[in-house]
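Residue-level structural notes
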Amino acid sequence: MFVCLCHNVTDGQIRQAMREHGISSLREVRVHLGVGAQCGRCAQCARQVIATELERQCATECGRCCVPIAAVA
Ligand code: FES
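Residues numbered from 1 in each chain as written. Predicted model: local features only at pLDDT ≥ 70, side-chain atom pairs only at ≥ 80, totals over all residues.

Secondary structure summary: the chain contains three helices and two strands in total. Along its sequence from the N terminus, the chain presents helices and strands in the succession β-β-α-α-α. (Helix = DSSP H or I, 4+ residues; strand = E, 2+ residues; numbered from the N terminus.)

Now the structure itself:
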């Protein structure tokens, strides 16, 4: 699904950038993909995508519950 219409960025592109470049915050997603850099309406949705991907990575990589929500802000 499209998350950022201003920059035509999908949730899949955000997740891919997180995996490939170690991105873990909205600021980094903004710098890398432009998400939220124009009208900003996509910021909340992008935060949710980032949080979900961080939870998935945590569960996959460490197997313990250490949801890094603070890293999303
Ligand atoms: S929808 Fe993402 S900056 Fe406008």
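This brings us to unusual backbone geometry. In this model, Asn 8 sits at a positive phi of 50 degrees, which is unusual for a non-glycine residue. Structurally, Asn 8 can be placed in the loop between strand E1 (2-4) and strand E2 (9-10). A count of 11 C-beta atoms within 10 Å places Asn 8 in the exposed class. (Buried ≥ 20, exposed ≤ 12 C-beta atoms within 10 Å, placed from the backbone.)

By secondary structure assignment, the location of Ala 17 is in helix H1 (residues 11-21). It is 9.7 Å that separates the C-alpha atoms of Ala 17 and Glu 28, two residues lying eleven residues apart in sequence. Those residues in contact with Ala 17 that lie beyond four places of it in its chain are Ile 23, Val 29, His 32 and Leu 33. (Contact = placed C-beta atoms within 7 Å.)

On to the environment of Thr 52. By secondary structure assignment, the location of Thr 52 is in helix H3 (residues 43-61). For the pair Thr 52 and Arg 15, spaced 37 residues apart in sequence, the C-alpha to C-alpha distance is 9.3 Å.

Turning our eyes to something else, we now look at the environment of Gly 12. Relative to the elements of secondary structure, Gly 12 occurs in helix H1. Looking at Gly 12, the number of C-beta atoms within 10 Å reads 11, which means it is exposed. Considered as a pair, Gly 12 and Val 49 are 37 residues apart in the sequence and their alpha carbons are 9.0 Å apart.

In this section: the packing of H1 against H3. The description of two packed helices rests on the angle between their axes and on the distance between the axes. Interhelical geometry of H1 versus H3 gives an angle of 45 degrees and a closest axis separation of 10 Å. The pairing of H1 with H3 is recorded here as oblique in orientation. Considering only the axes of H1 and H3, their crossing is right-handed. Within the contact between the two elements, H1 uses Asp 11, Ile 14, Arg 15 and Met 18 and H3 uses Ala 46, Val 49, Ile 50 and Glu 53. (Axes fitted to C-alpha atoms, helices over the stretch in contact; angles between N-to-C directions. Parallel < 35°, antiparallel > 145°, perpendicular 65-115°, else oblique. Left-handed = near helix turned anticlockwise from the far one by under 90°.)

Once that is clear, we can look at the nonpolar core. Membership of the largest hydrophobic core comes to 15 residues, with the highest contact counts inside it found for Val 3, Ile 14, Val 29, Val 35, Ala 46 and Ile 50. Looking at this core, the elements with two or more residues in it are E1, H1, helix H2 (26-33) and H3. (Core = buried A, V, L, I, M, F, W, Y, C linked by C-beta atoms within 7 Å.)

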